Amino acid sequence: MAKRVAIVGTGQTYHKSKRLDVNGVELIHEAVARALEDTELTRDDIDLVIIGNMDHFEGINYVDMWSIDGSGGFMKPTIKLTTGGTTGSTLAIAGYHMVASGLFNKALVIGWEKNSESDTTAAINTAFDPIWDRLTFAGAIGALAVEASAYMDDYGITERDAARVVVRDRKNACNNPYAHLRKEVTIEEVLSSPMLCDPVKLLDMCPRSDGACAVIFASEDVAEKITDTPVWIWGTANRHLYSYINDVNFHGLQSLKNASMELYQKCGIKEPLKEIDVIELYQPYSFGGLLWLESMGLCKEGEAPKLVWDGVTDMDGELPVNPSGGVIATNPIGATGLIRCAEVARQMMGKAGEHQVPNVKIAISTGFGGCMWSDILLYGKDKPY
Amino acid sequence: MNKWLETVEPLVYESRIKVPYTWSVGEVGSRFLIELRDHKKIYGTRCPKCNIVYLPPRKTCSQCFFNLDEWVEVGPQGTLITYTLVHYESSMMPMKSPFAYGIILLDKANTGLVHLLDEVKSEEIKTGMRVEPVFKDERTGDIMDIRYFRPVR
Ligand SMILES: [Zn+2]
């Protein structure tokens, strides 16, 4: 029988396009120190460290070793994970699995990236098949742009619809002191920003950031002693799709659709739009903020623009999406999925400050990456059965 | 092996990964390298709790996780703790082989510095020998601003 697991504390760094004041190890330490401070635990209380990033962004291929001074992993079991864009959400799922196993009581989970240290697109291309994908495939932006094109064609979605998502997230980011881009934008500014890969323009896309995030997972044996507001993991699901970009079915995010259905079933969610109080969506570009809501079953196919235009996903709407400002505002890639998890936890603990959504009882965070892969986690204020 | 494959040369796709990097040195590392570059001085950071002087300097003590902000000038002389003679060639080597490198415990430091050894015959290198740094004339702010260590004569 698995142990029930809760998040008991979180920490994240301030994010910038270049954090020249710290090296990678020091950046990691900044997030870890905040998470320890949040829980009033010390390094000695931690019995497992799980760390992750994308090796090729910093060109360091032994991060579990190299990061010890920052992670606090000195003479502790330490594991390194990398799964592309989903790295941060994989880390959260791994923290949950390891503590649920009953073998570890308190796991410190760390995601980080210093995207300023390399050419992000060149580095991303090294993740793809050298014989079949690399020569013809225009990095992450191109892969998302072909999804957006198919979506526009399927349902008559417009670039203006997508721009409304950006306006929402950039507005929310202004209330999050840790966010990278903290300046509101208008629909006209999004539409007139430079075209990157048709129909994806500069402001439709996430930035690349330097930053780190740390989350402490604890077992039911100790969680309530550490905090009065443990955030319980009710369930997780993940789906990996293909190796090659050409194999992907671009009509809806199939991996997210499949993972969401499994998770709702496991957690007894029947009407997600009504039952879920907040979502931190791994949304690296604006069109994903529409199409992927449909894939999560929050509305019928082609109807996400109505949901977004009606304000349902705004801060004061029925289901706020990305109160933190999301990925469109902050994107240290290996940390991005874990920041979604930390932000949901802060919402449920009532620690989200200026971007607090009132009374969050059930929440979701997601991860996206690789070849259109998805992770999804569901959290509850109440202890699961 | 398939019969068809025996009639041809299997293909190998030759390419290269070329991603440029700019690694942040950070506050502590920058201070160390700027002192080295501008004043030919070598500094470590000291943990007041564990009484360890770290070289290269750290911002955090790996033993106790305490933030380190006390700077201690170390060396420049030190003691060779261990060494080896490199005889093989690789594109990543700092010098043409044969050459020697070792771990040097600079005076007042508690952790060793890895560096090259030169101006010494290989058979004269001994563990425990006293060494001193030879600095570059034109320094640029990296660890090779120390060219190598040589025996104190
Ligand atoms: Zn110490």
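Residues numbered from 1 in each chain as written. Chains lettered and ligands numbered in written order. Predicted model: local features only at pLDDT ≥ 70, side-chain atom pairs only at ≥ 80, totals over all residues. Heavy atoms only, no water.

Overview of the sheet that holds strand β9 (residues 278-280) of chain A
Residues and elements named next belong to chain A.
Link 1 in the chain: A sheet is described by the order of its strands in space; here nine strands give the open sequence β3-β2-β4-β7-β1-β8-β11-β10-β9, paired in mixed fashion. The open sheet has two edge strands, β3 (78-81) and β9, and neither has a second partner. On average, each strand axis in the sheet is tilted by 25° relative to the strand beside it, whichever way the strands run.
Link 2 in the chain: Bridge count between strand β2 (residues 48-52) and strand β4 (residues 106-114): five bridges; the pairing is parallel. From the neighbouring strand, G52 faces β4, where its bridge partner is G111. (Pairing = 2+ DSSP bridges. Helix = DSSP H or I, 4+ residues; strand = E, 2+ residues; numbered from the N terminus. Axes fitted to C-alpha atoms, helices over the stretch in contact; angles between N-to-C directions.)

Focus on the coordination of the zinc ion
Residues and elements named next belong to chain B.
Link 1 in the chain: Those protein atoms acting as donors to the zinc ion are C47 (SG), C50 (SG), C61 (SG) and C64 (SG), and they sit at 2.3 Å.
Link 2 in the chain: In the primary structure, the donors to the zinc ion are separated according to the pattern C-x2-C-x10-C-x2-C. Of this pair, C47 sits in strand β1 (residues 42-47) while C61 is found in the loop between β2 (52-54) and β3 (70-74), placing the two residues 14 residues apart along the sequence. (Donors = N, O, S within 2.8 Å, 3.2 Å for Na, K, Ca; no water.)

Section: the domain arrangement of chain A
Accessible area lost upon the coming together of the parts serves often as the stated size of an interface.
Residues and elements named next belong to chain A.
Link 1 in the chain: In terms of domains, chain A is made up of domain 1 (5-119 + 209-226) and domain 2 (126-207 + 234-380).
Link 2 in the chain: Each of domain 1 and domain 2 has a C-alpha centre, and the two are 23 Å apart.
Link 3 in the chain: Listed by partner, the interface residues are 43 residues for domain 1 and 36 residues for domain 2.
Link 4 in the chain: For the pairing of domain 1 and domain 2, the buried interface totals around 2,700 Å² over both sides, and the portion due to carbon and sulfur atoms is 65%.
Link 5 in the chain: Counting every contact that joins domain 1 to domain 2 gives one salt bridge.
Link 6 in the chain: Between domain 1 and domain 2 we count 13 residue pairs in polar contact (both at pLDDT 80 or more) in total. (Domains from an automatic or database assignment. Contact = heavy atoms within 4.5 Å. Buried area = accessible area lost by both parts, 1.4 Å probe. Salt bridge = Lys/Arg side-chain N within 4 Å of Asp/Glu carboxyl O. Polar contact = N/O pair within 3.5 Å; in protein donor to acceptor, adjacent residues only side chain to side chain.)

Considerations on the pattern of salt bridges
Link 1 in the chain: Applying the stated criterion to the full structure yields 31 salt bridges over all chains.
Link 2 in the chain: Close ionic contact of R43 of chain A with D44 of chain A constitutes a salt bridge, the shortest N to O distance being 3.8 Å.
Link 3 in the chain: Residue R43 of chain A is classed as buried on the basis of its relative accessible area of 12%.
Link 4 in the chain: Given a relative accessible area of 61%, D44 of chain A falls into the exposed group.
Link 5 in the chain: Measuring nitrogen to oxygen at the nearest pair gives 2.8 Å for the salt bridge that ties E70 of chain B to R46 of chain B. One end of the pair, E70 of chain B, is in strand β3; the other, R46 of chain B, is in strand β1, and 24 residues separate them in sequence.
Link 6 in the chain: Note on E70 of chain B: relative accessible area 33%, which makes it partly exposed.
Link 7 in the chain: Bridged by salt links that share partners, the residues R19, D21, E30 and R34 of chain A form one connected network. (Buried < 20%, exposed > 50% of the residue type's maximum accessible area, 1.4 Å probe, protein only.)

Looking at helix α11 (residues 254-267) of chain A
Residues and elements named next belong to chain A.
Link 1 in the chain: The terminal C-alpha atoms of α11, which comprises 14 residues, lie 20 Å apart, in line with the 20 Å expected from a rise of 1.5 Å per residue.
Link 2 in the chain: Every buried residue of α11 is listed here: S255, L256, A259, S260, L263, Y264 and C267. Projected onto a plane normal to the axis of α11, the buried residues spread over an arc of 150° and lie on a single side. Looking at α11, the residues exposed on the side facing more than 90 degrees away from the buried face are M261 and Q265.
Link 3 in the chain: At its buried positions, α11 is contacted by β8 (231-239), α12 (272-275), α13 (288-295), β10 (362-369) and β11 (373-380).
Link 4 in the chain: Just downstream of α11, G268 is the residue with a positive phi angle, here 70°. (Expected span 1.5 Å × (residues − 1). Arc of directions from axis to C-beta.)

Quick look at the packing of helix α5 (residues 87-100) of chain A against helix α16 (residues 333-349) of chain A
Residues and elements named next belong to chain A.
Link 1 in the chain: Relative orientation of the contacting elements α5 and α16 amounts to 55°, with a least axis distance of 5 Å. Put simply, α5 runs oblique to α16. Across from T87, G88, S89, L91 and A92 in α5, the residues of α16 making contact are G334, G337, L338 and C341.
Link 2 in the chain: Tallied by class, the residues present in the contact of α5 with α16 amount to four nonpolar, five polar and no charged. (Parallel < 35°, antiparallel > 145°, perpendicular 65-115°, else oblique. Nonpolar A, V, L, I, M, F, W, Y, C, P; charged D, E, K, R; others polar.)

Some thoughts on the pairing of strand β7 (residues 210-219) of chain A
Residues and elements named next belong to chain A.
Link 1 in the chain: Buried residues dominate β7, accounting for 10 of its 10 residues.
Link 2 in the chain: Burial of the side chains of β7 extends over both faces: D210, A212, A214, I216 and A218 are buried on one face and G211, C213, V215, F217 and S219 on the other.
Link 3 in the chain: With seven bridges joining them, strand β1 (residues 5-12) and β7 adopt antiparallel strand pairing. Within the sheet, the bridge partner assigned to Q12 lies in β7 and is C213.

A closer look at the sheet that holds β2 of chain B
Residue and element names in this part refer to chain B.
Link 1 in the chain: Reading across the sheet, the three strands line up as β2-β1-β3 and stay open at both edges, with antiparallel pairing between neighbours. The outermost strands of the open sheet, each flanked by one partner alone, are β2 and β3. Neighbour-to-neighbour, the strand axes of this sheet turn through a mean angle of 40°, independent of strand direction.
Link 2 in the chain: Relative to β1, helix α1 (residues 26-39) is tilted by about 145°, and along the sheet it contacts β1 and β3.

Some thoughts on the interface of chain B and chain A
Link 1 in the chain: On the chain A side, the residues contacting the 19 residues of chain B number 32 residues.
Link 2 in the chain: Between chain B and chain A, roughly 1,900 Å² of surface is buried when both sides are summed, and carbon and sulfur atoms account for 56% of that area.
Link 3 in the chain: Three residues stand out in chain B for area buried against chain A, namely Y13, S24 and F65 of chain B, and they jointly supply 33% of the buried area on that side.
Link 4 in the chain: Here D69 of chain A ties to R58 of chain B by a salt bridge, and the two come within 3.5 Å at their closest N and O atoms.
Link 5 in the chain: Linking chain B to chain A there are eight residue pairs in polar contact (both at pLDDT 80 or more).
Link 6 in the chain: Residues that form the side of chain B that touches chain A fall into these classes: nine nonpolar, seven polar and three charged.

Digging into the nonpolar core
Residues and elements named next belong to chain A.
Link 1 in the chain: Within the largest apolar cluster, 59 residues are counted, with the highest numbers of intra-cluster contacts made by I279 and M296.
Link 2 in the chain: Among the secondary structure elements, those contributing two or more residues to this core are α6 (120-125), α7 (139-155), α8 (159-173), α11, α13, α14 (304-309), β10 and β11.
Link 3 in the chain: Counting residues per element, this core draws most heavily on α7, which supplies six residues.
Link 4 in the chain: In contact with I279, other than residues within four places in its own chain, are M296, L298, L319, P320, V321, N322, P323 and I364. (Core = buried A, V, L, I, M, F, W, Y, C linked by side-chain atoms within 4.5 Å.)

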